[in-house]
Amino acid sequence: MQKEDKYRIPVDYYIMFCICVLFIIVAFCQDTPQQILEGYFKIHTSRSVLITDYIELAGIGAALVNSSILVIFNLFLLVLNKRDPNGKIIASLFLTIGFSLFGKNMFNTLPIMAGVWFYGKITGKKFSEMVIFAMVSTTIAPIVSEVAFLDESTSIFKIIAAYGIGIFAGFIFPVIADYVKVMHNHYCLYNGGIAGGFIATMFAGFLRSIGIEIIPENLWDTSHTYQLAILAYSIAFGLIVYGIVTDKPGNALKKLLNLINEKDPDDCDYLTKYHSTCYINIGIMCIISTSVMLVLGKPINGPILGGIFTVSGFAACGKHIKNATPIILGSIIAVYLNHLDRTASVNTLAILFSTGLAPIAGKFGWHWGIITGFLHVSIAIFIGDVNGGLNLYNNGFAGSFIAVLILPIIIASKTLNTKVRLKIKKYFLMK
């Protein structure tokens, strides 16, 4: 009888763990242990709806520690279930890093993840198969916090009700996440945000129907740009150096050129295909997204850093400089043309998160990318009103509408263009 190979913790998880350690070091350099502890408690008792910047709410130290603890917990689950990394897992871990700075904490994520685990048990699926769903499902974590801490009269009954609702939301998440893929045909990378958007809208509608008003937050830090930009750049350069030194520079460059020419939205697991070179791509996208924010004069805070890490994470499964840049350009144009203040949080975040539609630019060209980015902002800045900020990956929800709208137009225009060209060619041949 053959023995199973002993599971070894992949180097990818050590890399993510090192980022967590860096976060913790920076946290204790910025704040005292008492400030961090008090802030950490404040995070866990907040409503956490969009946009609740934990740095503004509880301090930079508490926010960074909260992020690190959640990522380490997810790493523990992955290792416990002997799950090997791929592009989606790395993207999910970066999502956890980012959104734990403005919406996710242990209190509101545990029941959602438990619901996914329960779904796996009922359907006979191993949790190793469900772990990505569990990680991504926490997009709807604010539902738990909203029910538990709706007003000052928090009680055990409200917490039990919040956890019950969270478990139910997590239970239905995998079904919906699988189903909504047909909506966008893999052209929107934020599939979890789409599923979360529908679930959050359902709960928001229910709460409003029984007379509970969901009040959005707008906590937005503007005083830690310098520190957080250095943190983002440090992680980016570290990942690029790792990608270069673990491969021959010439070979890494060749692989990187192949990566940035990827166009197929159905085959975008860059970590599996390119491994260490993938980290160069992640680092490059982190540098680009951070630099865009600084050039535009935007503050780097919890939500913005969350957006930067989202762009970076999905560089492991779908984004690169060639397909993301046109989307960003279209988004910037939209921000400078719409009626909202250019510094408005929804405007700023839409620039970064619009890159979830990068596969459209990669497949159909830069011009369609610019149009897509422009349209995305137009919807993203208002879509949060539908679900009251209960879905953290709100731009993913907006992206689904854009994909459904733009893809038929692109296909129709290409068909029309082909017909016109054939008619012109036929005309001149007859002459």
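Residues numbered from 1 in each chain as written. Predicted model: local features only at pLDDT ≥ 70, side-chain atom pairs only at ≥ 80, totals over all residues. Heavy atoms only, no water.

Draft legend 1. Summary view of the overall build of the protein. Helices and strands together make up the secondary structure of the protein, namely 21 helices and 0 strands. For the protein, whose C-alpha radius of gyration is 22 Å, the value lies close to the compact-globule estimate of 22 Å for 431 residues. Each of the 431 residues in the protein was classed as buried or not, and the buried ones make up 56%. Taking all contacts inside the protein whose residues are at least 6 apart in sequence as the whole, residues at least 24 apart take part in 80%. Surface accessibility of the protein: about 18900 Å² in total, with carbon and sulfur atoms responsible for 67%. A distance of 15 Å separates the average location of the 32 positive side-chain charges in the protein from that of its 24 negative side-chain charges. (Helix = DSSP H or I, 4+ residues; strand = E, 2+ residues; numbered from the N terminus. Rg over C-alpha atoms; globule rule 2.2 N^0.38 Å. Buried < 20%, exposed > 50% of the residue type's maximum accessible area, 1.4 Å probe, protein only. Contact = heavy atoms within 4.5 Å. Areas by Shrake-Rupley, 256 points an atom, 1.4 Å probe, with all protein chains shown as cover. Lys, Arg positive; Asp, Glu negative; His and termini not counted. Charge placed at Lys NZ, Arg CZ, Asp CG, Glu CD.)

Draft legend 2. Representation of the nonpolar core within the structure. Judged by nonpolar contacts, the single largest core of 139 residues is most densely connected at Leu93, Phe94, Ile282 and Leu305. Setting aside chain neighbours within four positions, we find leucine 305 in contact with Leu101, Leu228, Leu231, Ala232 and Ile300. (Core = buried A, V, L, I, M, F, W, Y, C linked by side-chain atoms within 4.5 Å.)

Draft legend 3. Main features of the side chain of asparagine 394. Along the chain, asparagine 394 falls in helix H21 (residues 394-430). Assessed through its relative accessible area of 7%, asparagine 394 is described here as buried. Polar side-chain contacts of asparagine 394 include one of 3.1 Å to the side chain of asparagine 387. In contact with asparagine 394, other than residues within four places in its own chain, are Leu50, Ile383, Gly384 and Asn387. (Polar contact = N/O pair within 3.5 Å; in protein donor to acceptor, adjacent residues only side chain to side chain.)

Draft legend 4. Looking closely at helix H6 (residues 106-123). For H6, spanning 18 residues, the distance from its first C-alpha to its last is 26 Å, which sits close to the expected 26 Å at 1.5 Å a residue. Where H6 is concerned, the buried positions are Met106, Phe107, Asn108, Thr109, Pro111, Ile112, Met113, Gly115, Val116, Tyr119 and Gly120. Elements in contact with the buried residues of H6: helix H2 (33-44), helix H3 (54-58), helix H4 (60-80), helix H7 (127-136), helix H8 (142-148) and helix H9 (156-179). Between a side-chain oxygen at the N-terminus of H6 and the backbone nitrogen of phenylalanine 107 the separation is 3.0 Å; the capping residue is asparagine 105. Directly after H6, the chain includes glycine 124, whose backbone phi takes a positive value near 75°. (Expected span 1.5 Å × (residues − 1).)

Draft legend 5. How the structure looks around the packing of H6 against H9. Packing of H6 against H9 leaves a shortest axis separation of 7 Å and a crossing angle of 50°. Viewed along their axes, H6 and H9 adopt a mutual orientation that is oblique. Between H6 and H9 the crossing geometry is right-handed. Listed contacts from H9 to Met106, Phe107, Leu110, Pro111, Ile112, Ala114, Gly115, Val116, Phe118, Tyr119 and Ile122 of H6 are Ile159, Tyr163, Gly166, Ile167, Ala169, Gly170, Phe171, Pro174 and Val175. Residue classes in the contact of H6 with H9 are distributed as 17 nonpolar, 3 polar and no charged. (Axes fitted to C-alpha atoms, helices over the stretch in contact; angles between N-to-C directions. Parallel < 35°, antiparallel > 145°, perpendicular 65-115°, else oblique. Left-handed = near helix turned anticlockwise from the far one by under 90°. Nonpolar A, V, L, I, M, F, W, Y, C, P; charged D, E, K, R; others polar.)

Draft legend 6. View of the packing of aromatic side chains. Under the counting rule described, the total for this entry stands at 17 aromatic pairs. Ring geometry for phenylalanine 397 and phenylalanine 401: centres 5.3 Å apart, planes at 75°, overall edge-to-face. In this pair, phenylalanine 397 and phenylalanine 401 both sit in helix H21, 4 residues apart, roughly one turn of the helix. Ring-pair connections join several aromatic residues into one group, and the members of that group are Phe99, Phe102, Phe353 and Tyr393. (Phe/Tyr/Trp six-rings, centres within 6.5 Å; stacked < 30°, edge-to-face > 60°.)

Draft legend 7. Main features of a nonpolar patch on the surface. Together, Phe17, Val21, Ile24, Ile25, Phe28 and Ile72 line one region of the surface with nonpolar side chains, adding up to about 470 Å² of accessible area. Per-element tally for the nonpolar patch: the top contributor is helix H1 (residues 11-30), with 5 residues. If you trace the backbone, valine 21 turns up in helix H1. (Patch = residues over 30% accessible without salt bridge, like charges linked within 9 Å, V, L, I, M, F, W, Y side chains within 5 Å. Salt bridge = Lys/Arg side-chain N within 4 Å of Asp/Glu carboxyl O.)

Draft legend 8. Region of interest: the environment of isoleucine 143. Within the secondary structure, isoleucine 143 sits in helix H8. With 169 residues separating them in the primary sequence, isoleucine 143 and serine 312 have C-alpha atoms 26 Å apart.

Any link to function would need more than the numbers given here.
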